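Examining the three-dimensional arrangement
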Amino acid sequence: MATVIRMFRFRRRFIRVKSLEKLIREDKSMGSVLHILSGGTVGGIEVLCEGYAKYSKNKNVFVFLWNDGVIRQEMENEGAVAISLNASKRDFIRPFLRLCSICKDYQVKTVVVHHSAPIAHLYLMMLKIKYPYLKTVGYAHSHAHDMCPAEKRFLWIRKKIISCSLKSATKVIAISNCVKDSCEAYFGTPKNKIEVVYNGVDVAQFVPTIAHQQTEKCAELIYVGRLIEPKGVQNTLKALALLPKNIEYEFKIVGDGPYRNQLESLVKEKNLSNVHFLGERRDVIELLHSAEYFIHIPEWEEGFGITIVEAMAAGMVCICGMHGAIPEIITTEENGFLVPNDTQQIADSLITIFNKSDEEKNMIKENARKRALDFSIQTFSERLDAILRPEE
């Protein structure tokens with residue numbers, strides 16, 4: 001019986017997805033928006049697109065070039081048109097031919113490239129040549145220097161391709177004023193082409209932790225994000241090692257990445273027994289609610305900081321860096337704290353913040369929650385819809 005029920009649910013979901021595909025194919029009164037992504041695994045860009053797919057009123061088609069993943073599968077299960085090409089990175093032509101076929105099948109009028117992969121930007125320019133009527137959009141999800149990191153091979157070629165793509169695009173979307181300025185300076189993107197659209201968060205998912213009081217002396221901290229050196233988690237760990245012995249804390253690190261081994265070695269070296277690595281998790285909301293302080297002090301120019309907004313939406317005390325777009329989100333000592341990226345100053349700031357009264361911290365949490373509403377997924381989706389909407 002259970003097997004029959006599962007088969008019925010799968011069939012109903014399959015019919016719903018296919019019906020949506022048929023609707024998009026047959027309704028020629030409005031064109032579709034094609035979103036090109038590198039892969040469908042868990043990542044900030046992918047999660048953002050998943051949220052956008054739920055609230056957008058445009059007809060969207062999401063194509064994942066090189067690998068499938070949980071986000072693409074979730075999007076498909078929720079009724080979005082999410083196609084995985086599972087292409088080889090050595091195969092340049094066949095993925096482009098598939099994209100051309102998708103453009104025809106789904107009456108695509110707008111094409112957006114979300115990742116900074118040079119091949120994806122080449123496809124954007126080639127599609128514009130093949131279909132001159134297309135509105136093409138380059139999406140800058142990070143600071144320009146992070147789109148072209150110095151350690152990448154053939155950096156000058158990468159920069160040239162992305163620069164040409166953004167200059168030739170109909171529109172360029174930047175996730176903050178910081179990113180907008182970096183695209184102008186580094187890629188030479190025309191200022192009049194760039195639209196700033198702050199990332200969106202489904203604020204309704206987060207229950208404020210305003211009533212969370214420190215009934216015990218333990219300060220509960222959490223970091224959520226990729227584990228790479230520019231994210232600066234190592235500096236937070238070094239700062240924790242400088243705290244007086246009478247300050248009790250617990251620090252949860254949520255996420256994974258190539259820098260995790262070095263961070264784990266640093267934890268052992270500093271004998272930080274209250275630091276816990278939780279890896280990639282899909283229960284981030286619950287984990288945020290289990291802590292009082294969110295900490296994120298990156299070394300690089302953070303393009304936005306969607307996890308910061310999520311923590312603010314949960315009514316947490318956010319302790320963040322002063323660079324990039326973070327000051328566009330947080331006003332220090334009003335809805336969070338901006339801290340210099342210096343180990344000793346981080347430690348001193350933590351001591352000061354931990355010692356603030358519950359009344360002061362609750363005011364910070366309340367203001368953080370209000371500020372997070374400015375970045376709601378609904379506001380984001382409406383703004384993005386207006387920019388991407390095909391012109392008939």
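Report on the accompanying structure. (Residues numbered from 1 in each chain as written. Predicted model: local features only at pLDDT ≥ 70, side-chain atom pairs only at ≥ 80, totals over all residues. Heavy atoms only, no water.)

This paragraph deals with the sheet that holds strand β2 (residues 60–67). Strand order in the open sheet formed by 7 strands is β3-β2-β1-β4-β5-β6-β7, with parallel pairing between adjacent strands. Strand pairing shows two members of the sheet lacking a second neighbour, β3 (81–84) and β7 (194–196), which therefore form its edges. The average undirected angle you get between the axes of adjacent strands in this sheet is 25°. As paired elements, strand β6 (residues 171–174) and β7 share 3 bridges and run parallel to each other. The partner of V172 across the bridge, within β7, is I194. This element, helix α8 (residues 177–187), spans β5 (135–140), β6 and β7 of the sheet and lies at about 165° to β7. (Pairing = 2+ DSSP bridges. Helix = DSSP H or I, 4+ residues; strand = E, 2+ residues; numbered from the N terminus. Axes fitted to C-alpha atoms, helices over the stretch in contact; angles between N-to-C directions. Contact = heavy atoms within 4.5 Å.)

For the coordinates displayed, the defined rule picks out 15 salt bridges. Two residues, D91 and R94, come together in a salt bridge whose shortest N-O distance is 2.6 Å. As a salt-bridge pair, R281 and D283 come within 2.8 Å of each other at their nearest N and O atoms. Classification of R281 as partly exposed rests on a relative accessible area of 31%. Using a relative accessible area of 24% as the deciding quantity, one classes D283 as partly exposed. Taken together, the shared-partner salt bridges connect E50, E74 and R282 into one network. (Salt bridge = Lys/Arg side-chain N within 4 Å of Asp/Glu carboxyl O. Buried < 20%, exposed > 50% of the residue type's maximum accessible area, 1.4 Å probe, protein only.)

Quick look at helix α3 (residues 70–77) now. Among the residues making up α3, those that are buried are I71, R72 and M75. Down the axis, α3 shows its buried residues gathered within 100° of arc, on one side only. Residues of α3 that are buried make contact with α2 (44–55), β2 and β3. Remark: G79 follows α3 within two positions and exhibits a positive phi of approximately 100°. (Arc of directions from axis to C-beta.)

Such coordinate-based values are descriptive only and should not be taken to indicate function.
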